[in-house]
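# Observations on the three-dimensional arrangement
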Amino acid sequence: MIYNDKEILVFDDIEKIIDYAVEKWTEVAEEAVKERGYFTAALSGGRTPVMLHKALSAKKDLPWDRTHVFIVDERFVPSDHEDSNYLMINNTLLKHVRIPSENIHPVQTENSTPVLSAEKYEKDMLSFFNISENEFPRFDLIFLGIGEDGHTASLFPGTPALKETRHLAAAVTQSVKPGKERVTLTFPAINNAENIILMATGGDKAAAIREVIEGNGSLPAAMVRPDRGKLFFLLDKNAASLLSL
Ligand code: 6PG
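This report concerns the structure included in the present document. (Residues numbered from 1 in each chain as written. Predicted model: local features only at pLDDT ≥ 70, side-chain atom pairs only at ≥ 80, totals over all residues. Heavy atoms only, no water.)

The next subject is the sheet that holds strand S9 (residues 182–185). Strands belonging to one sheet form pairs held by backbone hydrogen bonds; the direction of such a pair is parallel or antiparallel. Judged by pairing direction, the sheet is antiparallel, and its three strands sit side by side in the order S5-S9-S8 without closing on themselves. The strands lining the two open edges of the sheet, one partner per strand, are strand S5 (73–75) and strand S8 (169–172). Across the sheet, the mean angle separating the axes of adjacent strands is 15° when strand polarity is ignored. Alignment of S5 against S9, held across three bridges, turns out to be antiparallel. Following the sheet pairing, Asp73 is matched in S9 by Thr184. (Pairing = 2+ DSSP bridges. Helix = DSSP H or I, 4+ residues; strand = E, 2+ residues; numbered from the N terminus. Axes fitted to C-alpha atoms, helices over the stretch in contact; angles between N-to-C directions.)

This is the structure in structure tokens:
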């Protein structure tokens, strides 16, 4: 159902969410490759995306050689650390598909600082998307999650990164989840995407989902408002249980 420019889809369980998300990925990837020759996706960390990545890794017929994967946010830990989002994404997806290593765009966390790493990540995006500093990348597809506090990516309530209007990536030092220091895409980078899919499952996300979809728009995840693209909420019944729609 469409509600305030958001497509709200409620599913019986996470398996059905994943089936829909894989279909969407396939549709967007094939369209992007046909139109432009390549497809760009940005993936989040956390637990929710794991099943999606495993389902995608079984789709060997997707145009992996034309697919570029970026990271929505990264904990500022080495890439082999158990909290690393890159490690999770690599273990659940990237190493199982024929995606060229040059098509994988991680956040550099070794021998750096969160600020320098955010600056380098931004430079990588400017170069890849061939844009200047006052332009924004147009990802074909961004997958987001949501925390119980309404954060998304590593954009946590009350943190300075929420206010970023120019830079594409920001350093975060007040994460409330594992990995105190992080690097995250900012809203300028997120909200210029063609398609954004926010997935949420479980009753522990229900209050945040209600506030984001029906509230006053103050939570970080409510600030995900694509300028021109489409925004989908893929929810299971528990995460949608407090919605009045
Ligand atoms: C991270 C994620 C984060 C995540 C939400 C939901 O680095 O932790 O990018 O924003 O999407 O916290 O996490 P779960 O999917 O584990 O509930």
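All right, on to the site of the ligand then. Taken together, 15 residues sit near the ligand, with Arg47, Thr48, His151, Ala153 and Lys205 positioned nearest. Contacts to the ligand include Gly45, whose backbone N or O atom sits 3.3 Å from an oxygen atom. In the complex, the protein chains occlude 97% of the 420 Å² of accessible area that the ligand would expose alone. Residues that form the shell around the ligand fall into these classes: two nonpolar, seven polar and six charged. (Near = heavy atom within 4 Å. Polar contact = N/O pair within 3.5 Å; in protein donor to acceptor, adjacent residues only side chain to side chain. Areas by Shrake-Rupley, 256 points an atom, 1.4 Å probe, with all protein chains shown as cover. Nonpolar A, V, L, I, M, F, W, Y, C, P; charged D, E, K, R; others polar.)

Turning next to the pattern of salt bridges. One pass over the structure, following the stated rule, counts eight salt bridges. Two residues, Lys34 and Glu31, come together in a salt bridge whose shortest N-O distance is 3.8 Å. Placement of both Lys34 and Glu31 in helix H1 (residues 14–36) is noted, with a separation of three residues, approximately one turn of the helix. Lys34 sits in the exposed class, given a relative accessible area of 67%. Taking the shortest distance from any N to any O, the salt bridge between Asp140 and Arg36 comes out at 2.6 Å. Here Asp140 is found in the loop between helix H4 (114–129) and strand S7 (141–144), whereas its partner Arg36 is found in helix H1, with 104 residues between them in sequence. A residue is classified by how much of its surface remains accessible, and Asp140, at 3% relative accessible area, is buried. According to the relative accessible area criterion, Arg36 is partly exposed, its value standing at 34%. (Salt bridge = Lys/Arg side-chain N within 4 Å of Asp/Glu carboxyl O. Buried < 20%, exposed > 50% of the residue type's maximum accessible area, 1.4 Å probe, protein only.)

With six of seven residues buried, strand S11 (residues 230–236) lies mostly within the body of the structure. Pairing of strand S2 (residues 6–11) with S11, which is carried by six bridges, proceeds in the parallel orientation. Each bridged residue has a counterpart across the sheet, and for Leu9 the counterpart in S11 is Leu234. Where strand S10 (residues 195–200) and S11 come together, six bridges link them in parallel fashion. Along S11, the bridge assignment pairs Asn195 with Lys230.

Bringing helix H3 (residues 85–92) into the picture now. Every buried residue of H3 is accounted for by Asn85, Met88, Ile89, Asn90 and Thr92. Buried residues along H3 sit in contact with strand S3 (39–43), helix H2 (49–57), strand S4 (67–71) and S5. (Contact = heavy atoms within 4.5 Å.)

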